[in-house]
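# A structural walkthrough
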Amino acid sequence: MDGGFLPALFTDHTLRVVGLGAGAVGALAGSLGCFALLRRQSLLGDAVSHAALPGIALAFLLTGSRATPVLVLGAALTGWLGTLFVMAVVRHSRIPEDSALGILLSVFFGVGLVLLTFLQRGPTAAQAGLDTFLFGQAATLLVQDVILVLSLGGVALLLLALSWKEVKLLAFDREFGRVQGIPMGRVDLLLTSLLVVAIVLGLQTVGVVLMSALVVAPAAAARQWTDSLGRMVILAGALGAGAGVGGAWMSTLGDGIPTGPAIVLLASGVVAVSILAAPRRGVLWDRIRRRRVRARLAAGGGTPGMPSEAPGERERLGGGD
Amino acid sequence: MSNGMPPSRDDAPPGHPRGRTWNRAGDDPDPSVPALEVDDLTVAYREQPVLWDVDLRIRQGSATAIVGPNGAGKTTLIRSILGLVPRAAGRVRILGSPLEDVRRQVAYVPQRGSVDWDFPTSVEDVVLMGTYGHLGWFRRPGKREREAARRALERVEMAAFAHRQISELSGGQQQRVFLARALVQEARVHFLDEPFQGVDARTERSIMDVLHELRDRGDTVIAVHHSLQTVPEYFDGVVLLNVRLIAAGPVDAVFTDENLRTAYGGRIPYRSPTSPTSPPPPGASPAAGPPPPLEG
């Protein structure tokens, strides 16, 4: 078999590894991203990924190793520190969360860039490739990297499935859970940790700059198509995996095309289509429905209650009871 | 208006959530123990007192309204009792015990606007959230829980909506779903934060019927309420609040012109049926001395 994308993806060993890794990263980020989206914490993903950059540089600086587990550990540590920092700022000061996240994001990212620049000037070439963490390069994924992503990602998704109802309650009505005596603080800690894991595992493939898009975009697209949290998480995981595989393949087409932008372009395309065309929540659908209602009112058949309409549509039209 | 002895729990009709599907935590409490005791409760936001030195006794088997002007701390009172707002000082006992020990006897209906109704979930799933506390981590709601959720939805006349997406509900329907979620907890003390907000008259009526049934069964209902006009009809007791406790007790004793003027700062949005001729009953004077206990 020669030529064509699919055959190469299945026959070429490197492409298979890269595709599998990028797909797993997309699935993990997409499914966990649903909760970031629903809790209106989309910026948290951005803050965590930017905060991970100095961790990557520091991990290399201290160990001299470029092995993925070492760098991921460094990334996770500073990503985590950053999250705790934001939580502390929000709790103990009057700075609102979005400002705290914005400050954290730029400060940590700045420190990371300074460290990277410093490393580039180093006497050896050992640091070469660290800058791929900025925009991601799926081609640098090794078999053991993919195994790391699959195993840690699998554990993360298993924990999510086991804590499903707690996590759902956290996202919908945290205080109701607290009154029932469910330790919502611990549930929050778990969910945030899982998101940090998903993000740092994706940094090598997608890069710190655009990783948050892979967290938010599949979730935003999936929300358009379903009204069930379970289906939304599965669909977002699938869309993320698709964007991951597609983006990884795109980046192998030309030499040095960074994977992150390719993945994010694909994911954004899916979001755009979903916002436009999804049934019921889509923009086109809304237009059509509004036109129909207007036509019915113009025909004189409509009453304010519009009994033939679902209550939800009444609400959206400003009626309601 | 004020009902006498709470009726026995044994005459609960079958099919009601009080059929106690799972909530066997704690046997029937001694009916003489107050449902709620609050002593010296003070809550402050950034040095500003929101509640100041509130003392309260509410007996079991009663329906009590918490009323007062905007910013009086009505919601804060409920939230601090439920541990959602830190207390600067004070002690709270529910059925004679600290909240931690009686969580499964306590149900909470938060303000409807406190959640995102565009959340991707169904009516049944929201009601099932009331069973999570019983289930514990890792366990999923099963047949028993779904059955209880169905009964609770029937109680609030929402059974037909079980599989409806929650964003499709009207305000009154949302409120009834929240009530069903509290019913499924099979609690004994029910706290409601503005259960009639944005609800039409018919829904208000049917919600109140459910609350009265709970009360007649010996449960305790405590609700933040906005309309002074309906207090005498809906509730046995009333807590008049404006940062401090102005008065608490049976409705006729508390709803005097003097008390209302103290609470609302001269502008009374309600004329008490006893005014202007009858003098305020002893013990109901504003903010002086301990408030009259609601229980005997």
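Anyway, here's the lowdown on the structure attached to this text. (Residues numbered from 1 in each chain as written. Chains lettered and ligands numbered in written order. Predicted model: local features only at pLDDT ≥ 70, side-chain atom pairs only at ≥ 80, totals over all residues. Heavy atoms only, no water.)

## Concerning the packing of aromatic side chains
A full pass over the atoms with the stated rule returns 7 aromatic pairs over all chains. Each ring, one from Phe-172 of chain A and one from Phe-119 of chain B, has its centre 5.3 Å from the other, and the planes form 55°; the classification is tilted. Taken together, the residues Phe-172 of chain A in helix H8 (residues 164-179) and Phe-119 of chain B in the loop between strand E5 (106-109) and helix H3 (123-128) connect one chain to another. Neither Phe-172 of chain A nor Phe-119 of chain B differs from the other in exposure class; each is buried. Relative to Phe-235 of chain B, the ring of Tyr-234 of chain B has its centre 6.3 Å away and its plane inclined at 70°; by these criteria the two rings are edge-to-face. An aromatic cluster is built from Phe-172 of chain A together with Trp-117, Phe-119 and Phe-178 of chain B, whose rings are joined through pairwise contacts. If you follow Arg-181 of chain B out to its NZ or CZ, it ends over the ring of Phe-176 of chain A, 3.5 Å from the centre. The ring of Phe-178 of chain B is capped by Arg-181 of chain B, whose NZ or CZ atom sits 4.3 Å from the centre of that ring. (Phe/Tyr/Trp six-rings, centres within 6.5 Å; stacked < 30°, edge-to-face > 60°. Helix = DSSP H or I, 4+ residues; strand = E, 2+ residues; numbered from the N terminus. Buried < 20%, exposed > 50% of the residue type's maximum accessible area, 1.4 Å probe, protein only. Lys NZ or Arg CZ within 6 Å of the ring centre and 35° of its normal.)

## Quick look at the environment of Ala-223 of chain B
Residue and element names in this part refer to chain B. Residue placement: Ala-223 occurs in strand E7 (residues 220-224). For Ala-223, a relative accessible area of 0% corresponds to the buried category. Sequence-wise, Ala-223 and Arg-103 are 120 residues apart; in three dimensions their C-alpha atoms are separated by 18 Å. Excluding its chain neighbours within four sequence positions, the residues that come into contact with Ala-223 are Thr-64, Ala-65, Ile-66, Leu-192, Pro-195 and Phe-235. (Contact = heavy atoms within 4.5 Å.)

## Quick word on the pairing of strand E9 (residues 244-250) of chain B
Residue and element names in this part refer to chain B. Counting buried residues along E9, 5 of its 7 residues qualify, which places the element largely inside the surrounding structure. Of the pairings in the sheet, the one linking strand E8 (residues 237-242) to E9 comprises 6 bridges and is antiparallel in character. Note that in E9 the partner of Val-238 across the bridge is Gly-249. Adjacent in sequence and paired antiparallel, E8 and E9 are bridged by 1 residue, among which Val-243 carries a positive phi angle near 65°. (Pairing = 2+ DSSP bridges.)

## A few points about the packing of helix H4 (residues 68-92) of chain A against helix H9 (residues 184-206) of chain A
Residues and elements named next belong to chain A. Across the interface, H4 lies against H9 with an axial gap of 9 Å and an inter-helix angle of 140°. Here H4 is positioned oblique relative to H9, judged by the angle of their axes. Every pair of crossing elements has a handedness; the one defined by H4 and H9 is right-handed. Residues Thr-68, Val-72, Ala-75, Ala-76, Trp-80, Thr-83 and Met-87 of H4 form the contact with H9, whose own contacting residues are Leu-189, Thr-192, Ser-193, Val-196, Val-200, Leu-201, Leu-203 and Gln-204. Taken together, the residues that form the contact of H4 with H9 break down as 10 nonpolar, 5 polar and no charged. (Axes fitted to C-alpha atoms, helices over the stretch in contact; angles between N-to-C directions. Parallel < 35°, antiparallel > 145°, perpendicular 65-115°, else oblique. Left-handed = near helix turned anticlockwise from the far one by under 90°. Nonpolar A, V, L, I, M, F, W, Y, C, P; charged D, E, K, R; others polar.)

## So, the sheet that holds strand E1 (residues 36-45) of chain B
Residues and elements named next belong to chain B. Read across the open sheet, the 3 strands follow the order E2-E1-E4; overall the sheet is antiparallel. The open sheet has two edge strands with one neighbour each: strand E2 (48-58) and strand E4 (89-94). Across this sheet, the average inter-strand angle for adjacent strands is 20°, counted without regard to direction. In this fold helix H1 (residues 74-81) packs onto E1, E2 and E4, with an angle of close to 115° to the strand it touches most, E1.

## Digging into the sheet that holds E7 of chain B
Residue and element names in this part refer to chain B. Strand order in the open sheet formed by 6 strands is E5-E6-E7-E3-E8-E9, and the pairing between neighbours is mixed. For this open sheet the edge positions go to E5 and E9, each flanked by a neighbour on one side alone. Averaged over all pairs of adjacent strands, the angle between strand axes in this sheet comes to 15°, irrespective of strand direction. Both strand E3 (residues 63-67) and E8 contribute to a ladder of 4 bridges, which runs parallel. If you follow Ala-65 over to E8, its bridge partner there is Val-238.

## Here's the deal with the packing of helix H11 (residues 229-253) of chain A against helix H12 (residues 259-277) of chain A
Residues and elements named next belong to chain A. Direction vectors running N to C along H11 and H12 enclose 135°, while the axes themselves pass 8 Å from each other. As far as their axial angle goes, H12 and H11 are oblique. The crossing of H11 and H12 is right-handed. When H11 is examined against H12, the residues Leu-239, Ala-243, Gly-244, Gly-246, Gly-247, Ala-248, Met-250 and Ser-251 are found in contact with a partner set consisting of Thr-259, Ala-262, Ile-263, Leu-266, Ala-267 and Val-270. Split by residue class, the contact of H11 with H12 holds 9 nonpolar, 5 polar and no charged.

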